[in-house]
Amino acid sequence: MPLVLLDGSTVRDFVKDERAFNEAMDARFKEMDLNEDGSLSRAELRTAFERMRLLESSFGVPIAHTPAQLNALYDSVFEKFDTDHSGTVDLDEFRKQMRDILLAIADGLGASPIQETLPMLEGLVCL
């Protein structure tokens, strides 16, 4: 995983570049779509997030959650992505939520740069 230097404007510029953003999100979606049916099931989305340890750690530091708490967190994330409540996440829903997540990260970063390894953006924003 690459080590990248990011600030809010870097992330915003990436999201605004529709071609680069869509290519990156399409590639991530395809990697996450384990059964290649063109949508993400609850299990596929959870598997991807578990691999990235997005809900189990904060900046690499483990967070203690009970199994029930983790299940509730993953269910909440899935519901946020599944905006049409179809029981699966399609590519458009995935792109929309990832755009919203990245813009929220950009707002949080502001002009203060951080160095981070970013599995979701691997190979995309290397400085």
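Refer to the structure presented above.
In this text, all values refer to a predicted model and were calculated from it rather than measured experimentally. (Residues numbered from 1 in each chain as written. Predicted model: local features only at pLDDT ≥ 70, side-chain atom pairs only at ≥ 80, totals over all residues. Heavy atoms only, no water.)

Undergrad: Account for the overall build of the protein chain, with residues named and values stated.
TA: Along its length, the protein chain carries 5 helices and 4 strands. Along the protein chain, helices and strands appear, N-terminal first, in the series β-α-α-α-β-β-α-α-β. In the protein chain, buried positions account for 35% of the 127 residues. Total accessible area on the protein chain is roughly 7,500 Å²; 56% of this is exposed by carbon and sulfur atoms. (Helix = DSSP H or I, 4+ residues; strand = E, 2+ residues; numbered from the N terminus. Buried < 20%, exposed > 50% of the residue type's maximum accessible area, 1.4 Å probe, protein only. Areas by Shrake-Rupley, 256 points an atom, 1.4 Å probe, with all protein chains shown as cover.)

Undergrad: Give me the lowdown on the packing of helix 2 (residues 18-32) against helix 5 (residues 91-109), citing residues and values where you can.
TA: Relative to each other, helix 2 and helix 5 sit at 120°, their axes nearing to 10 Å. Here helix 2 lies oblique to helix 5, going by the angle between them. Here the hand of the crossing between helix 2 and helix 5 comes out right-handed. Of helix 5, the residues touching helix 2 (which contributes Phe21, Asn22, Met25, Asp26, Arg28, Phe29 and Met32) are Leu91, Phe94, Arg95, Met98, Arg99 and Leu102. (Axes fitted to C-alpha atoms, helices over the stretch in contact; angles between N-to-C directions. Parallel < 35°, antiparallel > 145°, perpendicular 65-115°, else oblique. Left-handed = near helix turned anticlockwise from the far one by under 90°. Contact = heavy atoms within 4.5 Å.)

Undergrad: So what about the packing of aromatic side chains? Which residues, and what values?
TA: Using the criterion set out here, one finds 4 aromatic pairs in the structure. Their ring planes at 65° and their centres at 5.8 Å tell us that Phe14 and Phe21 sit as a pair that is edge-to-face. Side by side, Phe14 and Phe21 carry an identical accessibility label, which is buried. Aromatic ring contacts, followed pair by pair, group Phe29, Phe49, Phe81 and Phe94 into a single cluster. (Phe/Tyr/Trp six-rings, centres within 6.5 Å; stacked < 30°, edge-to-face > 60°.)

Undergrad: Can you break down the pattern of salt bridges residue by residue, with the values?
TA: Pairs can form between side chains of opposite charge once their charged atoms are near each other. Using the criterion set out here, one finds 8 salt bridges in the structure. The salt bridge involving Lys96 is made with Asp100; its shortest N-O contact spans 2.6 Å. You can see Lys96 and its partner Asp100 sitting in helix 5, 4 residues apart, about one turn around the helix. Within this structure, Arg42, Asp75 and Glu79 form a network of salt bridges that share partners. (Salt bridge = Lys/Arg side-chain N within 4 Å of Asp/Glu carboxyl O.)

Undergrad: Would you mind going over the nonpolar core in detail, with residue names and values included?
TA: Counting residues in hydrophobic clusters, the biggest one holds 26 residues, and the most contacted among them are Phe14, Met25, Leu45, Phe81 and Phe94. Of all the secondary structure elements, the ones that give two or more residues to this core are helix 1 (8-16), helix 2, helix 3 (42-52), helix 4 (67-81) and helix 5. Broken down by element, the residue count for this core peaks at 6 residues, all from helix 2. Look past the residues within four positions of Phe81 in its chain and what remains in contact with it is Leu45, Phe49, Val89, Glu93, Phe94, Gln97, Met98 and Ile101. (Core = buried A, V, L, I, M, F, W, Y, C linked by side-chain atoms within 4.5 Å.)

Undergrad: How would you summarise helix 4 if you had to cite specific residues and measurements?
TA: Across its 15 residues, helix 4 extends 21 Å between first and last C-alpha, which sits within 8% of the 21 Å expected from 1.5 Å per residue. What helix 4 keeps buried is the set Leu70, Tyr74, Val77, Phe78 and Phe81. Down the axis of helix 4, the buried side of the element spans an arc of 100°, and every buried residue falls inside it. Every exposed residue of helix 4 that faces more than 90 degrees away from the buried side is listed here: Ala68 and Lys80. On its buried face, helix 4 is in contact with helix 3 and helix 5. (Expected span 1.5 Å × (residues − 1). Arc of directions from axis to C-beta.)

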